[in-house]
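An overview of the molecular structure
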Amino acid sequence: MRMAYLLTLTSGELAENRSRFNIERRFTQAYSKSVAKTGGAQGSRIALVINDGDGSGRHLEWLGVVLRTNTVGAVQYSVTVDPLLSCLESIPLDGPSGLLSGFREDLRREFSSAISVQSVGTCGQAAWEECERLLRARHPQVAGLLDWVLGQANQQSFDTRDPADRSWQEQRDCAACLVRIGGFPALSLAAWKRPDEQDVPYLAGLIPQPVEHSMIEQDITAAQHAFVMSDEWWRERGTRCDIHVLTDATGRRLEIANINATSAEARTGSDMIYYHEPTHSMVLVQYKRLDPVTRVMRADRGFYDQLDRLESVAGKSKKAARPSDWRLGDDPCFVKLAYWPESVSGNAVTQLTPGMYLPVSYVRMLLEDDCTRGVKADSQARILGYGRVERHLVGKQFVELVKHGLVGTVGVTPEDLRDLVAERSIDGQSLVVGVENGDETVHEREERNRKRGSGDRSYTHEVVR
């Protein structure tokens, strides 16, 4: 059952914290355990931040999603709202024209009572649905914000037995990894609604964060020429390509393109490609699913052929000519042995799917070692997975290596990227390609990547096509 948290602050408290909310886009508030019996309950929850108006009339000012609730000491809970976004205008709740005037009487009492309780209260699903209905009817300008918030609060489930869901799981993880590499908030691509067609890319169901109209126009102008394939290129091949663009306050841009060239049943897997345009560096990750029960995979002939093709990508790299070109090794391509459980699983938007990131040269060595040999002594079968591979990179380690430029190709051009995308899509792969652009120097990139704590989480998000 859906519920809503109502966090009430004074006008002074909101004025004091407005700038911080706009930058950090999160908020934690402690409250008494006596306020609501639902503290700590699980489920999708909406958060409304309300200005008490200092007695002159209450207003709704912010909307968000409750990320978690915690116990703080013997008599308090805390609630963390993340993400949190401004309604762009103050929406009156009281008076003849206020939102509460349209509520059914019993639901109005419930909602109003929740607002008046010691800074944090809760209301049930019926009261929240009444609030949502009236917001959409009386304040259509917040419809996009409501869609975005609900797209994150109502996490979708994926059925691992369904080919489309399996492919969307992989594509979602690719996109989530690219966002982390690019240094954008982890929840940037979290608002998602299941598309009506099963063969479309994952990004077709993505709901962009709403932004002011002037910011949208500026972002589209900047993003139209970022990706290496034109609209005509995709249309000529009958291929669907969805592109979303994230831009931070400095103008640095991450363009994410999601390509499905075949039906869900015909796909051979998913690839993630990250291309850092300023340094002409590229990293490719091919996804392989581990058996949900045994948590291993069998290396068949097709897998060896795929390794051959990945090694050909490494051959495009040039020799390092300057310190910023230096890499830890010659492996720009990785295999992710990803694990999804057999049961229907939710869309874990706050973390990457568990798995083993393995450089291709390491995979080759593993396949020649006894640790991957089949069960029988004379077996020629090779098996990869947990219990077979002693060392591997996890998602956080892999992301850190890529974002600092310590792995990847050297001197690979946008034309090389275009050719690779065309080749991989023809092979039947689903592709999620991230192209990062910006004016950062190597030193500035390092400084940004090494920052810790609550920084500026503001960004714009636009759908190009």
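Residues numbered from 1 in each chain as written. Predicted model: local features only at pLDDT ≥ 70, side-chain atom pairs only at ≥ 80, totals over all residues. Heavy atoms only, no water.

Description of the packing of helix H3 (residues 125-138) against helix H4 (residues 143-153)
- At a closest axis distance of 9 Å, the pairing of H3 and H4 adopts a crossing angle of 145 degrees. For H3 against H4, the interelement crossing comes out left-handed. In this structure, H3 contributes Trp128, Glu132, Leu135 and Arg136 to the contact, and H4 contributes Ala143, Leu146, Asp147 and Leu150.
- Looking at the contact of H3 with H4 residue by residue, the class counts come to five nonpolar, no polar and three charged. (Axes fitted to C-alpha atoms, helices over the stretch in contact; angles between N-to-C directions. Helix = DSSP H or I, 4+ residues; strand = E, 2+ residues; numbered from the N terminus. Left-handed = near helix turned anticlockwise from the far one by under 90°. Contact = heavy atoms within 4.5 Å. Nonpolar A, V, L, I, M, F, W, Y, C, P; charged D, E, K, R; others polar.)

So, the pattern of salt bridges
- Within this structure, the stated rule accounts for 29 salt bridges.
- In this structure, Arg133 and Glu130 form a salt bridge, with 3.4 Å as the shortest nitrogen-oxygen distance. With Arg133 and Glu130 both in helix H3 and three residues apart, the pair spans about one turn of that helix.
- Residue classification places Glu130 among the buried positions, given a relative accessible area of 14%.
- Members of the salt-bridge network, linked through shared partners, are Asp248, Arg252, Glu436, Glu440 and Arg448. (Salt bridge = Lys/Arg side-chain N within 4 Å of Asp/Glu carboxyl O. Buried < 20%, exposed > 50% of the residue type's maximum accessible area, 1.4 Å probe, protein only.)

Notes on helix H12 (residues 442-450)
- Every buried residue of H12 is accounted for by Arg445, Glu446 and Asn449. For H12, the arc enclosing every buried residue in end-on projection is 100 degrees, short of the 170-degree limit, so these residues lie on one face. (Arc of directions from axis to C-beta.)

Remarks on the confidence of the model for the protein chain
- On average, residues of the protein chain carry a pLDDT of 87, and 87% of them reach 70 or more.
- Across residues 213-223, where pLDDT falls below 50, the model places 14 contacts with residues more than four positions away in sequence or in other chains. (pLDDT = per-residue confidence, 0-100.)

So, the packing of aromatic side chains
- By the definition in use, this model includes eight aromatic pairs.
- Measuring from ring centre to ring centre gives 5.4 Å for Phe21 and Trp62, while their planes differ by 90 degrees; the resulting arrangement is edge-to-face. Of this pair, Phe21 sits in helix H1 (residues 11-24) while Trp62 sits in strand S4 (residues 59-72), placing them 41 residues apart in sequence. Of the two residues, Phe21 and Trp62, neither departs from the other in class, the shared state being buried.
- Centroid distance Phe334 to Phe398: 5.1 Å. Interplanar angle 75 degrees. Geometry classified as edge-to-face. Highlighted residues: Phe334 in strand S13 (residues 333-338) and Phe398 in helix H10 (residues 395-403), separated in sequence by 64 residues.
- Its relative accessible area of 2% is what places Phe334 among the buried residues.
- Pairwise contacts between aromatic rings join Phe158, Trp168, Trp192 and Tyr202 into one cluster.
- The ring of Tyr386 has Arg295 lying over it, and the distance from NZ or CZ to the ring centre is 4.4 Å. (Phe/Tyr/Trp six-rings, centres within 6.5 Å; stacked < 30°, edge-to-face > 60°. Lys NZ or Arg CZ within 6 Å of the ring centre and 35° of its normal.)

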